[in-house]
Amino acid sequence: GQQVMQIPQYQHVQEGEDFTTYCNSSTTLSNIQWYKQRPGGHPVFLIQLVKSGEVKKQKRLTFQFGEAKKNSSLHITATQTTDVGTYFCAGGGRNSGGGADGLTFGKGTHLIIQP
Amino acid sequence: NAGVTQTPKFRILKIGQSMTLQCAQDMNHNYMYWYRQDPGMGLKLIYYSVGAGITDKGEVPNGYNVSRSTTEDFPLRLELAAPSQTSVYFCASSYSADIGNTIYFGEGSWLTVV
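Only a predicted model underlies this, so the values are computations on that prediction, with no experimental measurement involved.

Participant: Looking at this structure, I do not really get the side chain of Asp83 of chain A. What am I missing?
Facilitator: Residue placement: Asp83 of chain A occurs in the loop between strand S8 (71-76) and strand S9 (85-93). Contact partners of Asp83 of chain A, with chain neighbours within four places excluded, come to Lys36, Arg60, Ile76, Leu111 and Ile113 of chain A.

Participant: In this structure, what is going on with the interface of chain A and chain B? I would like to understand it.
Facilitator: The figure often quoted for interface size is the accessible area lost as the parts come together. Taken together, the contacts link 24 residues of chain A with 22 residues of chain B. Contact between chain A and chain B buries roughly 1,800 Å² in total, counting both sides, with carbon and sulfur atoms accounting for 62%. At the boundary of chain A with chain B, the tally comes to 0 salt bridges. Connecting chain A to chain B are 1 residue pair in polar contact (both at pLDDT 80 or more). Every element with two or more residues in the side of chain A that touches chain B is listed here: strand S4 (29-37), strand S5 (44-49) and strand S10 (103-105) of chain A. Per-element accounting of the side of chain A that touches chain B gives the leading share, 5 residues, to S4 of chain A.

Participant: Is there a simple way to explain the packing of aromatic side chains in this structure?
Facilitator: Aromatic ring pairs are described here by two measures, namely the spacing of the ring centres and the angle between the planes. One pass over the structure, following the stated rule, counts 12 aromatic pairs over all chains. Centroid distance Tyr35 of chain A to Phe45 of chain A: 5.6 Å. Interplanar angle 75°. Geometry classified as edge-to-face. Here the residue Tyr35 of chain A occupies a position in strand S4, and Phe45 of chain A occupies one in strand S5, the gap between them amounting to 10 residues. For the ring pair Phe10 of chain B and Trp110 of chain B, a centre distance of 5.6 Å and an interplane angle of 35° mean the geometry is tilted. Here Phe10 of chain B is found in strand S2 (residues 10-13), whereas its partner Trp110 of chain B is found in strand S11 (residues 109-113), with 100 residues between them in sequence. Note on Phe10 of chain B: relative accessible area 58%, which makes it exposed. Ring pairs connect the aromatic residues Tyr35, Phe45 and Phe105 of chain A together with Tyr31, Tyr33, Tyr35, Phe90 and Phe105 of chain B, which therefore count as one cluster. A cation over a ring is seen here: Arg68 of chain B above Phe74 of chain B, with NZ or CZ 6.0 Å from the ring centre.

Criteria and thresholds
Residues numbered from 1 in each chain as written. Chains lettered and ligands numbered in written order. Predicted model: local features only at pLDDT ≥ 70, side-chain atom pairs only at ≥ 80, totals over all residues. Heavy atoms only, no water. Helix = DSSP H or I, 4+ residues; strand = E, 2+ residues; numbered from the N terminus. Contact = heavy atoms within 4.5 Å. Buried area = accessible area lost by both parts, 1.4 Å probe. Salt bridge = Lys/Arg side-chain N within 4 Å of Asp/Glu carboxyl O. Polar contact = N/O pair within 3.5 Å; in protein donor to acceptor, adjacent residues only side chain to side chain. Phe/Tyr/Trp six-rings, centres within 6.5 Å; stacked < 30°, edge-to-face > 60°. Buried < 20%, exposed > 50% of the residue type's maximum accessible area, 1.4 Å probe, protein only. Lys NZ or Arg CZ within 6 Å of the ring centre and 35° of its normal.

Right under this line is the structure:
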């Protein structure tokens, strides 16, 4: 079955440093979604990428979808303490409708920020 | 607008006991889901529903049951609780399964089986 690998599992950064998490799929994806989960909280949808090579930005966050639609990355510029949490990618299978029943979640990257 | 509401937030069960996690959404979403999240891990789909009266198994359905008698409610039942079911459970919903649809999660239910 489809597998979505996410690295690194943990990332410690100093406040103000950049942060990147990478997501790789064993199969071609129809789309990829990114979620953020604060400690003790629930996942919150950040963005979805659908097109090959797509790049989207949300303020200090930049999301990329690979040309082959098998990998994605999330980059945060100049991290702030409010960025603390776990970032999950979730890949939609090529033959699925792309909805959550076809989503496979990565294990997440835990971002820890030291002031 | 409450969104997705889950109850209870915390529960301790003894091995072999049964319980139901309640989930309700007020967004008129067709799709509803139950996920479990083990410590430090991602989300695994237990069951999902594409509409009232229709449910389907996800990745890890064993030990659980669901029903969807109304659009709003999607309860998850644990029969004969086992320590392996200690986890955080998230209910979620979306309007459809089309690409571009946002999935909304409830705040989670922390379950410990002892």
